[in-house]
Amino acid sequence: TQLLEQSPQFLSIQEGENLTVYCNSSSVFSSLQWYRQEPGEGPVLLVTVVTGGEVKKLKRLTFQFGDARKDSSLHITAAQPGDTGLYLCAGALTNNNDMRFGAGTRLTVKP
Amino acid sequence: DAGITQSPRHKVTETGTPVTLRCHQTENHRYMYWYRQDPGHGLRLIHYSYGVKDTDKGEVSDGYSVSRSKTEDFLLTLESATSSQTSVYFCAISVAGNYGYTFGSGTRLTVV
C-alpha cells in the first residue's frame, strides 16, 4: 500500500480541457512537492508547498496543499499536449530526507 | 550542462554479480539520494547521504550499499544482483530535502 495515493492513475483528455489530479494520505507531511516526469528522464520539480491551505500557481497549473497537510491537488487549466507526462506527488515526513512518492498520474493530452 | 549525471545509462548484468552505479554532481549540494522506480510502486528511497561519509538507509535498502568519499560522487552498489533488483535507478540531489530534488536521467538496470 502506497503512503501517498494518487488518482486517477491514468487520464486522457482533449486539448483545452481542464483537469484535476489528487494526492491523498492519512499521514501528515511537513512539505509536499509535485514533479512531472517524461519518458526516459528523471522527474522535474514543479512546486513545493509547505503550509496547510497553501495555494500556488504556476502559469496554468494551480497547486493546493490541504489544511491538515495530508493531501494535495493539482489543477490544470486549458491543457495542452505539452502537459503530457507522469505527474508525481511526494511528501516529506518528519525527517525531511524521507521523501515518499506516490505512484503517479499519467496524463495524455490529445491535440 | 547537467548538474547531475548518472552512469551508466543502461546495464545488463547476470544474477549474483556485483554492480556499481555512479552519480556525479557539480552543484556542491550536501544531500544525495538513490531511488528505484518500478511500475505501480513509484519512486522508493534506497539510501541517502547528508555529507561525505555520512549515509543512512531508506525504505528499501536491503541488498544495497552506498559510499560517498567526495561531495560530488555517490555510489550505489548491488552486492550480488538479483532479478528483483531489475529497475530504473535515479539519483537526486538537494540543498535540503524540503526544498525539492533535482534528479538525474536514470540508469536502467536489467538483471538476467
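What you are looking at is a predicted structure, and each value in this text was computed from that prediction instead of being measured.

*Asks:* I'm lost on the side chain of S49 of chain B in this one. Help?
*Replies:* Residues and elements named next belong to chain B. Relative to the helices and strands, S49 resides in strand β5 (residues 42-51). At 2.9 Å, the side chain of S49 forms a polar contact with the backbone oxygen of G51. A polar contact is formed between the side chain of S49 and the side chain of R68, at a distance of 2.9 Å. Setting aside chain neighbours within four positions, we find S49 in contact with R30, Y31, M32, D54, T55, R68 and F74.

*Asks:* When you look at the state of the cysteines in this model, what are you seeing that I'm missing?
*Replies:* A covalent bond between the sulfur atoms of two cysteines is what we call a disulfide. Residues and elements named next belong to chain A. Tallying each qualifying case throughout the model produces two disulfides over all chains. Two residues share a disulfide in this structure: C23 and C89, whose sulfurs sit 2.0 Å from each other. Between C23 and C89, the disulfide has an S-S torsion of 75° and is therefore right-handed. Note that C23 is positioned in strand β3 (residues 19-24) and C89 in strand β9 (residues 85-92), a separation of 66 residues in sequence. For the pair formed by C23 and C89, the shared burial category is buried.

*Asks:* Please explain the interface of chain B and chain A as it appears in this structure.
*Replies:* Interfaces are often sized by the amount of accessible area the parts lose when they come together. Opposite the 21 residues of chain B that make contact, chain A presents 21 residues. Here chain B and chain A share an interface that buries about 1,600 Å² over both sides, 47% of which is from carbon and sulfur atoms. Here chain B and chain A share one salt bridge between them. Notably, a salt bridge pairs R100 of chain A with E59 of chain B, separated by 3.8 Å at the nearest N-O pair.

*Asks:* What should I look at first to understand the nonpolar core in this one?
*Replies:* Soluble globular proteins tend to bury their nonpolar side chains together. Residues and elements named next belong to chain A. Of all hydrophobic cores here, the largest spans 21 residues; its most connected members are L19, L32, W34, L74, I76 and L107. Looking at this core, the elements that each hand over two or more residues are β3, β4 (31-37), β5 (44-49), β7 (61-65), β8 (71-76), β9 and β11 (105-110). If we ignore the near neighbours within four places in the chain, the residues touching L32 are C23, V47, T48, V49, F65, S72, C89, A90 and G91.

*Asks:* Even after reading the chapter, I still don't get the pattern of salt bridges, so can you show me in this structure?
*Replies:* If the charged atoms of two oppositely charged side chains come close together, the side chains can form a pair. In total, this model carries eight salt bridges over all chains according to the counting rule given. For R60 of chain A, the salt bridge identified is with D83 of chain A, shortest N-O distance 2.9 Å. Of this pair, R60 of chain A sits in the loop between β6 (55-58) and β7 while D83 of chain A sits in the loop between β8 and β9, and the two are 23 residues apart along the sequence. Where D38 of chain B meets R36 of chain B, a salt bridge forms, and the shortest distance between an N and an O atom there is 2.8 Å. Taken individually, D38 of chain B and R36 of chain B each receive the classification buried, so the pair is uniform in this respect.

Calculation criteria
Residues numbered from 1 in each chain as written. Chains lettered and ligands numbered in written order. Predicted model: local features only at pLDDT ≥ 70, side-chain atom pairs only at ≥ 80, totals over all residues. Heavy atoms only, no water. Helix = DSSP H or I, 4+ residues; strand = E, 2+ residues; numbered from the N terminus. Polar contact = N/O pair within 3.5 Å; in protein donor to acceptor, adjacent residues only side chain to side chain. Contact = heavy atoms within 4.5 Å. Disulfide = S-S within 2.5 Å. Buried < 20%, exposed > 50% of the residue type's maximum accessible area, 1.4 Å probe, protein only. Buried area = accessible area lost by both parts, 1.4 Å probe. Salt bridge = Lys/Arg side-chain N within 4 Å of Asp/Glu carboxyl O. Core = buried A, V, L, I, M, F, W, Y, C linked by side-chain atoms within 4.5 Å.

Everything listed is a geometric property; what it means functionally is a separate question.
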